[in-house]
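Working through the structure, step by step
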Amino acid sequence: MKLAVWTVTRGAGLNGIEIGNKIKGVDVFTLSKFKIADSIQIENFTDKLNSVFNEYDGHIFIMATGIVIRKIASLIKSKDTDPAVVVIDEGMNFVISLLSGHLGGANDLAQKLHEIFGLVPIITTSSDVTGKIAVDTLSQKLNCRLESLEKAKKVTSLIVDGKNVELSLPKNICDENPEGVMIVSNKENIETIHLYPENLVIGIGSRRGIEEEKVYEFLMETLKKYNLSVKSIKHFATVDLKADEKGIVETVRKLGKELKIVSREEILTVENMFQGSDFVKKEIGVRAVSEPCAYLTSSKNGKFIEIKAKKDGITISIYEERSVYEKR
């Protein structure tokens, strides 16, 4: 989790340095007029916050809550994209989970600061206060993508209200994913929500110059063949020679996913595991691309749903990781 600590007084700045010393990888911002060593010294707090707000997974503000609310009001967009925001008083007594408590991880961040510095955590989300788990928290712990924030809100409200809400999972959370669900209930209206495990690794390759439309269309066609959701794609992977292939890069960007690049040296270590092509070997030095790229960037604990689908110079492999608890 990439974190930023924001301060506007000397005392808060020194507290920020203490946080930075205890939590690795934290950027501590202080006003340059205080000349606080080991911090990022800035001239204008508002301008700097506006320019980097979305570059961090979480923000720790050591200042009054009112200041923070006014400063971030124009920057927040949606609970599924906003970073975590917590506020600490300059006396280092309390830590308030202010924004993105569940999906953004502000509640967990507040708890972490409590454990390290003894701060009293202030958490107001009703599911946490009542000792119940919210749907968005559950989806995060299962490394799943929510079908809908609105549906998550409705089902969570049932949980908080003490209603009977059942959780249907594949056996042992690791076997075949269900393709159908039967609900037996005398209730006319039942709130349901689909959680999508992000456990599909897409290995991909293509000839030079194939446009994004064709790559995207073939990807959708291949996913549809196996009744798989694009929401469950964890990441894409391709060989180093295709790192700048426009059709692949634009397709991945369009879906908001990560493209992992695999070197040919890495592929050579496993290429005998897969059927390959002498022609491809002669052209780029390895016998296969999509299958080994998918395999090498996966948890290696799963199976191929599609070994290699081919069409119009495009190849796609789909590797399904077994455990949805594996960290992203």
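Residues numbered from 1 in each chain as written. Predicted model: local features only at pLDDT ≥ 70, side-chain atom pairs only at ≥ 80, totals over all residues. Heavy atoms only, no water.

**As for the overall build of the protein**
Along the protein, the regular secondary structure elements total twelve helices and 14 strands. The principal-axis extents of the C-alpha atoms in the protein amount to approximately 70 × 60 × 30 Å. Scored against the burial criterion, the 328 residues of the protein give a buried share of 43%. Of the contacts made within the protein by residues no fewer than 6 positions apart, 61% connect residues no fewer than 24 positions apart. Of the roughly 17,900 Å² of accessible surface on the protein, a fraction of 49% belongs to carbon and sulfur atoms. Across the protein, the 46 positively charged side chains and the 46 negatively charged ones have centroids separated by 1 Å. (Helix = DSSP H or I, 4+ residues; strand = E, 2+ residues; numbered from the N terminus. Buried < 20%, exposed > 50% of the residue type's maximum accessible area, 1.4 Å probe, protein only. Contact = heavy atoms within 4.5 Å. Areas by Shrake-Rupley, 256 points an atom, 1.4 Å probe, with all protein chains shown as cover. Lys, Arg positive; Asp, Glu negative; His and termini not counted. Charge placed at Lys NZ, Arg CZ, Asp CG, Glu CD.)

**Points about the pattern of salt bridges**
Summed over the entire model, instances satisfying the criterion amount to 15 salt bridges. For Glu-250, the salt bridge goes to Lys-246, with nearest N and O atoms at 3.9 Å. With Glu-250 and Lys-246 both in helix H9 (residues 246-254) and four residues apart, the pair spans about one turn of that helix. Its salt-bridge partner being Glu-271, residue Lys-281 comes within 2.9 Å of it at the nearest N-O pair. Linking Lys-281 in helix H11 (residues 278-284) with Glu-271 in the loop between helix H10 (264-268) and H11, this pair joins segments that are ten residues apart in sequence. A relative accessible area of 31% places Lys-281 in the partly exposed class. Each member of the salt-bridge network shares a partner with another, and the members are Arg-208, Asp-244 and Glu-245. (Salt bridge = Lys/Arg side-chain N within 4 Å of Asp/Glu carboxyl O.)

**Considerations on the pairing of strand S1 (residues 3-7)**
Of all five residues in S1, five are buried, a share of seventy percent or more. Burial along S1 is two-sided: the face carrying Leu-3, Val-5 and Thr-7 and the face carrying Ala-4 and Trp-6 are both buried. Sheet topology places S1 next to strand S2 (residues 26-31); four bridges connect them, and they run parallel. When the sheet's bridge partners are listed, Val-5 is paired in S2 with Val-28. (Pairing = 2+ DSSP bridges.)

**A look at the sheet that holds strand S4 (residues 58-62)**
Across the sheet, seven strands lie side by side as S3-S2-S1-S4-S5-S6-S7; this open sheet has mixed pairing. Of all strands in the sheet, those with a lone pairing partner are strand S3 (40-42) and strand S7 (120-122), marking the two edges. Taking the axes of each pair of neighbouring strands and ignoring which way they run, one obtains an average angle of 25° across the sheet. Where S2 lies against S3, three bridges are found, and the strand directions are parallel. Paired with Thr-30 across the strands is Gln-41, a residue of S3. Each of S1, S4, strand S5 (84-88), strand S6 (94-99) and S7 is contacted by helix H4 (residues 106-117), which is oriented at about 35° to S5, the strand it contacts most. (Axes fitted to C-alpha atoms, helices over the stretch in contact; angles between N-to-C directions.)

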